[in-house]
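# A closer look at the structure
So you can see what is in the structure, the chains are spelled out below.
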Amino acid sequence: MYPAHLAAAAAAGAPAPGPGFLSPTGVEIAFLLVGLATLGAAVITVTTKQLVHAALWLVVALGGIAVEYLLLTAEFIAWVQVLIYLGSVVVLLLFGLMLTKAPIGRSPDADSGNRWVALGVAGTAGAALVWVVADAFRTTWIDLDGPAQGSTKVSGEILFQHWVLPFEALSVLLLAALIGAIVLSRRNTPAEDAADAADAAARAGTEKGQS
């Protein structure tokens, strides 16, 4: 990133020092802190055994991503994140939990027992994502004093020309996550299963007596 003092040095004829990681700016420090908070919220989302709390922590994680977009001067993507993900997806998930038989307290059956497999898959996917992004943008620096990089025109051209397939894959992933959340929230407890079986047996006995 090239802050204002580097541009002033270049205008005065002095050689401008190259960007480095040993002199972070306030925006970079804020980006790091918000990123750590977002990561913590995401970890709590997938580790808590309370479905309602998981949905609320998901709101925090997605909100942190929106703040990261704002710090990267991508205002359009930030508001899309807020309107679509926070305003639609999470609200739909919360309504699904409230309108179904989602338990309010801790759910012992919320953990499928494949935590280590899921952790390995998440770690591999995260490492691959970091490697791809670092390799693609290793020598790319954004001039914060130049034209905005997160405008609607620029974002639309990049998204629908080069990133159509990942965009559609993400929509399918969100749909699968929503269906999985509804299935988990509608799962009957052993007591409810026993009550349903007793009701079915009683109805069968009644129908047999009438015949």
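This text gives an overview of the structure that appears in the document. The numbering scheme is per chain: residues are counted from 1 as the chain's sequence reads. Confidence filtering applies because this is a predicted model: local features only for residues at pLDDT of at least 70, side-chain atom pairs given and counted only at 80 or more, and all residues used for totals across whole chains, interfaces and linings. Neither water nor hydrogens contribute to the side-chain values; these are computed over all heavy atoms in the structure.

Further remarks concern helix α3 (residues 51-71). Within an α-helix, residues lying three or four positions from one another point in the same direction, as the helix has 3.6 residues per turn. With 21 residues, α3 should cover 30 Å at 1.5 Å per step; its first-to-last C-alpha distance of 30 Å lies within 8% of that length. Among the residues of α3, Leu51, Ala54, Ala55, Ala61, Leu62, Gly63, Gly64, Ala66 and Glu68 are the ones counted as buried. Elements are defined by DSSP. Helices are runs of H or I of four residues or more, strands are runs of E of two residues or more, and each kind is numbered from the N terminus. A helix is expected to span 1.5 Å for every residue after the first. Residue exposure (1.4 Å probe, protein chains only): buried if accessible area is under 20% of the type maximum, exposed if over 50%, otherwise partly exposed.

The next thing to look at is the packing of helix α2 (residues 26-47) against α3. Working convention: axes come from line fits to C-alpha atoms, limited for helices to the stretch in contact. Angles between N-to-C directions cover 0 to 180 degrees. Contact geometry of α2 with α3 gives a least axis separation of 8 Å together with a crossing angle of 160°. In terms of orientation, α2 and α3 fall into the roughly antiparallel class. In the packing of α2 onto α3, the handedness of the crossing is left-handed. Contacts from Val27, Ala30, Phe31, Val34, Gly35, Thr38, Ala41, Ala42, Ile44 and Thr45 in α2 reach Ala54, Trp57, Leu58, Val60, Ala61, Gly64, Ile65, Val67, Glu68 and Leu71 in α3. An angle below 35 degrees is read as roughly parallel, one above 145 as roughly antiparallel, one from 65 to 115 as roughly perpendicular, and any other as oblique. Each crossing is labelled by how the near helix is turned from the far one, with a counterclockwise turn of less than a right angle marking it left-handed and a clockwise turn marking it right-handed. A contact between two residues is defined here by any heavy atoms of the two lying within 4.5 Å.

Moving on, we come to a nonpolar patch on the surface. Taken together, the side chains of Ile29, Leu32, Leu33 and Leu36 define a hydrophobic patch exposed on the protein surface, amounting to about 400 Å² of accessible area. Mapped onto the fold, Leu32 is located in helix α2. Residue class for Leu32 comes out exposed when judged on its relative accessible area of 53%. Exposure above 30% relative accessible area and the absence of a salt bridge qualify a residue for a patch, where like charges join within 9 Å and nonpolar side chains (Val, Leu, Ile, Met, Phe, Trp, Tyr) within 5 Å. Accessible surface area values rest on a Shrake-Rupley calculation with a 1.4 Å probe, where residue burial reflects the displayed protein chains alone. Salt bridge, as applied in this entry: a Lys or Arg side-chain nitrogen positioned within 4 Å of an Asp or Glu carboxyl oxygen.

Our focus in this paragraph is α2. When the terminal C-alpha atoms of α2 are compared, their 32 Å separation across 22 residues agrees well with the 32 Å that a helix rising 1.5 Å per residue should span. Within the span of α2, buried status applies to Thr38, Ala41 and Thr45. Each buried residue of α2 lies within a common arc of 60° when the element is viewed along its axis, so the set occupies one face. Every exposed residue of α2 that faces more than 90 degrees away from the buried side is listed here: Leu32, Leu33, Leu36 and Leu39. At its buried positions, α2 is contacted by α3. Think of the arc as the fan of directions from the helix axis to the C-beta atoms.

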